[in-house]
Every structure is written in structure tokens, then in C-alpha cells.
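Listed here are the chains, written in short residue letters.
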Amino acid sequence: MKLGDIVFVPSVQHTGTWFVINFLKNFFEYSREVTFLLEDDDMKPEDANVLYRPKYSRSLDKPTVVHVHLPISRNPSADVDFFGTWFDSTWIQNLATKRSLPVQTLLLLCNFFKTVIPVRDPMAAILTREARHPQFRHFCIVDGFVALATEFAKHPNVKFLPIDMAGTVEERAAILRDVLVHVGLDPNRHLATLHDLAHKWAPQNQTPGNRFKWLYQNNDLDGIRLLLGPKWAEVEYLRNMSSVILPFLADLGYTRGQLRY
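Residues numbered from 1 in each chain as written. Predicted model: local features only at pLDDT ≥ 70, side-chain atom pairs only at ≥ 80, totals over all residues. Heavy atoms only, no water.

Participant: Go over the packing of helix 11 (residues 232-240) against helix 12 (residues 242-251) with me, naming the residues and quoting the values.
Facilitator: Viewed as axis vectors pointing N to C, helix 11 and helix 12 meet at an angle of 70 degrees, and their least axial separation amounts to 5 Å. In this view, helix 11 runs roughly perpendicular relative to helix 12, as classed from their interaxial angle. Between helix 11, through Leu238, Arg239 and Asn240, and helix 12, the contact on the second element is made entirely by Ser242, Ser243 and Ile245. Of the residues assigned to the contact of helix 11 with helix 12, the class counts are two nonpolar, three polar and one charged. (Axes fitted to C-alpha atoms, helices over the stretch in contact; angles between N-to-C directions. Helix = DSSP H or I, 4+ residues; strand = E, 2+ residues; numbered from the N terminus. Parallel < 35°, antiparallel > 145°, perpendicular 65-115°, else oblique. Contact = heavy atoms within 4.5 Å. Nonpolar A, V, L, I, M, F, W, Y, C, P; charged D, E, K, R; others polar.)

In C-alpha cells, the structure reads:
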């Protein structure tokens, strides 16, 4: 195994994590979360929580996509109103310690491995998280984009993959080619795969019954504000951070008209 056999995918929640992972799995055999990288493939989902004791039972011997989220919950009391059950408390701790890592830890890993980070309109990420997890607040989404703009954008090992920016097949293919070059692969050896993926550009890990989808697509901010209620504060927070986030997104090719806030 060489350092080049590992591609690192840290991500803000709901920004296209599985789109990037599944794309890279066309070229790297395995995908694993950082915190369970050396655990058996048959590890039970219910074991993957704060109570799990690592066994280090699987060697890292094949090209692997390694992934984890940027911080999800820094202060549990700010994300949920109360812990009513054992399940609630272990779940939130799991998000904070197993499914995400501190920014400085992620940047350390970026020093060693070629890194690919998905990017999506942050408003869309907030709405997807609300559709899936209405029990949580979503300020961490905005914090994640601030970190991308101020920390990861400066890192020479980082390549961003904007999943909702490219409009044409040619633009999509160019983005995918650039990612392959970044991770040390020759795109000319994979033209058929790139052509197929650029045409399909299929969403991954979709949210069934997302009540925000139509409103978002039609830029109905009044309807979104009504559904979000007090969580519209997350959108206001996003707007407050726009002086940091918008230039970062513009550098990736986003136009102001493509963003919904």
C-alpha cells in the first residue's frame, strides 16, 4: 500500500458525500469511514456507535476511499432540546465522535492523502438535513462551509467536486477528469466510465418525501421560511456568513443566481 492508494473524502453533511464516494469507487476498491477503517466488513450497524470497542481486525491492503464528516455536533444541547432516552444520548454522541472529526484532525489527514470534497449549495444542504433530521438544528452546515472556505480551500492536497454546479455533460466530464488527475489517475484510461457518469450524473442517497424539494427548485423562499419556522435562523446565519462563503463558491464556478439564499 502507498499513500496514493488512499483517497480522503471529508465532507459537510448532505453535500453529495455518496456521489463522490460512489464515483471514486469506480477506481478504488473499498470505501470506509475513518473511525472504522480497520474493522471487519461485516461489522453490525448497531455496533458503530460510541460504545464500540475497536478490534483492528482488518488490515488496510487495498485501494480505499476513506470518508468522514466535518463537525456535526460540537455542543449537543444546541442541537436537540433534550435527551429523552438512552438512544437519543448515544445517537448524538455517535454523530459527534464517530461520524465526524475536528477540523484540525481532518486537515492533518489532508497532509498525507489526496483529498476530494463534495460541494453543494449550502441552502440545499440545510433543507435536506431538516427533511431527514427535524429534531436537530443545522448551524453546523454553515460552520462547515466556513471551514471549507477558510481552511480547506488553501490546502494543496484538496480538490472540490461541486455536484450541482455543472449544467452540461461537457462541464461534468471536465470536473470528473480534474478529480482523477488530482488523485493520480490518468483520465484517458477511463474515458468510457467518465462519459457514462457525466451523462447520468445520478443523485445518490436521496431523501424520499423531501417537502422542501419543490420549494427549493422554484426558489420559493417564503414557502421555505414558513416550513422552517424558527429554524429560518439557520438561513439568516448562512446569509451572515456569505462574505466568507460566496467568494469560495464563486471560485468554484457558482454564480449568484445558482444559489437560493
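So much for the structure itself; the text now carries on.
Participant: Can you lay out the state of the cysteines for me, pointing to particular residues and giving the numbers?
Facilitator: Here, the word disulfide means a covalent bond between the sulfur atoms of two cysteines. Counted according to the given criterion, the structure contains zero disulfides. Cysteine Cys110 remains unbridged, with the sulfur of Cys140 as its closest cysteine sulfur at 19 Å. With relative accessibility at 11%, the residue Cys140 sits in the buried group. (Disulfide = S-S within 2.5 Å. Buried < 20%, exposed > 50% of the residue type's maximum accessible area, 1.4 Å probe, protein only.)

Participant: Give a description of the nonpolar core that names residues and reports values.
Facilitator: Buried together is how nonpolar side chains tend to be arranged in soluble globular proteins. Within the largest apolar cluster, 68 residues are counted, with the highest numbers of intra-cluster contacts made by Leu24, Phe152 and Leu161. Considering each element in turn, this core owes the most residues, eight residues, to helix 6 (residues 139-150). Those residues within four positions of Leu161 in sequence are excluded, and the remaining contacts are Phe19, Val20, Phe23, Val116, Ile117, Pro118, Val119, Ile175, Leu176, Val179 and Trp201. (Core = buried A, V, L, I, M, F, W, Y, C linked by side-chain atoms within 4.5 Å.)

Participant: Kindly report on the sheet that holds strand 2 (residues 30-33), identifying the contributing residues and their values.
Facilitator: Taken together, the five strands give an open sheet; going across it, the order is 2-3-1-4-5, and neighbouring strands pair in parallel fashion. Looking at which strands have only one partner, the edges of the open sheet turn out to be strand 2 and strand 5 (158-162). The mean inter-strand angle of the sheet, taken between neighbouring strand axes irrespective of direction, is 25 degrees. Where strand 1 (residues 6-11) lies against strand 4 (residues 114-119), two bridges are found, and the strand directions are parallel. In the strand pairing of strand 4, Val7 is matched with Lys114. In the packing of helix 7 (residues 169-182) onto the sheet, contacts are made with strand 4 and strand 5, and the angle to strand 5 comes to roughly 160 degrees. (Pairing = 2+ DSSP bridges.)

Participant: Outline the environment of Glu171, listing residues and values.
Facilitator: Among the secondary structure elements, Glu171 is positioned in helix 7. Look at Glu171 and you get partly exposed, because its relative accessible area is 40%. Separated by 121 residues in the primary sequence, Glu171 and Val50 place their C-alpha atoms 42 Å from one another.

Participant: Give a description of the packing of aromatic side chains that names residues and reports values.
Facilitator: For any pair of aromatic rings, the description consists of the separation of the ring centres together with the inter-plane angle of the planes. The full count for this structure, using the stated rule, is six aromatic pairs. Consider the rings of Phe19 and Trp201, whose centres lie 4.8 Å apart with planes at 55 degrees: the pair is tilted. Here the residue Phe19 occupies a position in helix 1 (residues 17-24), and Trp201 occupies one in the loop between helix 8 (191-200) and helix 9 (213-217), the gap between them amounting to 182 residues. In this pair, the class of Phe19 matches that of Trp201, namely buried. Between Phe36 and Tyr52, the ring centres sit 5.9 Å apart and the planes meet at 75 degrees, which makes this aromatic pair edge-to-face. You can see Phe36 sitting in the loop between strand 2 and strand 3 (64-69) and its partner Tyr52 sitting in the loop between strand 2 and strand 3, a full 16 residues away along the chain. Using a relative accessible area of 9% as the deciding quantity, one classes Tyr52 as buried. (Phe/Tyr/Trp six-rings, centres within 6.5 Å; stacked < 30°, edge-to-face > 60°.)

Participant: Describe the pattern of salt bridges, with residues and values.
Facilitator: One side chain can pair with another of opposite charge once the charged atoms of both are near each other. Going through the model one piece at a time under the given rule, you end up with eight salt bridges. Among the ionic pairs, Lys2 bridges to Asp5, the shortest N-O distance being 3.8 Å. Since its relative accessible area comes to 59%, Lys2 is described here as exposed. A salt bridge links Asp196 to Lys200; its shortest N-O distance comes to 3.3 Å. Of this pair, Asp196 and Lys200 both sit in helix 8, four residues apart, which is roughly one turn of the helix. Residue classification places Asp196 among the partly exposed residues on the basis of a relative accessible area of 34%. On the basis of relative accessible area, Lys200 is assigned to the exposed category, the value being 56%. (Salt bridge = Lys/Arg side-chain N within 4 Å of Asp/Glu carboxyl O.)

Participant: With reference to specific residues and values, describe a nonpolar patch on the surface.
Facilitator: Together, Leu3, Leu108 and Phe112 give the surface a local cluster of nonpolar side chains, amounting to about 310 Å² of exposed area. Here Leu108 shows up in helix 4 (residues 103-112). The exposure class of Leu108 is partly exposed, given its relative accessible area of 46%. (Patch = residues over 30% accessible without salt bridge, like charges linked within 9 Å, V, L, I, M, F, W, Y side chains within 5 Å. Areas by Shrake-Rupley, 256 points an atom, 1.4 Å probe, with all protein chains shown as cover.)

Functional significance is not addressed by these values, which are geometric in nature.
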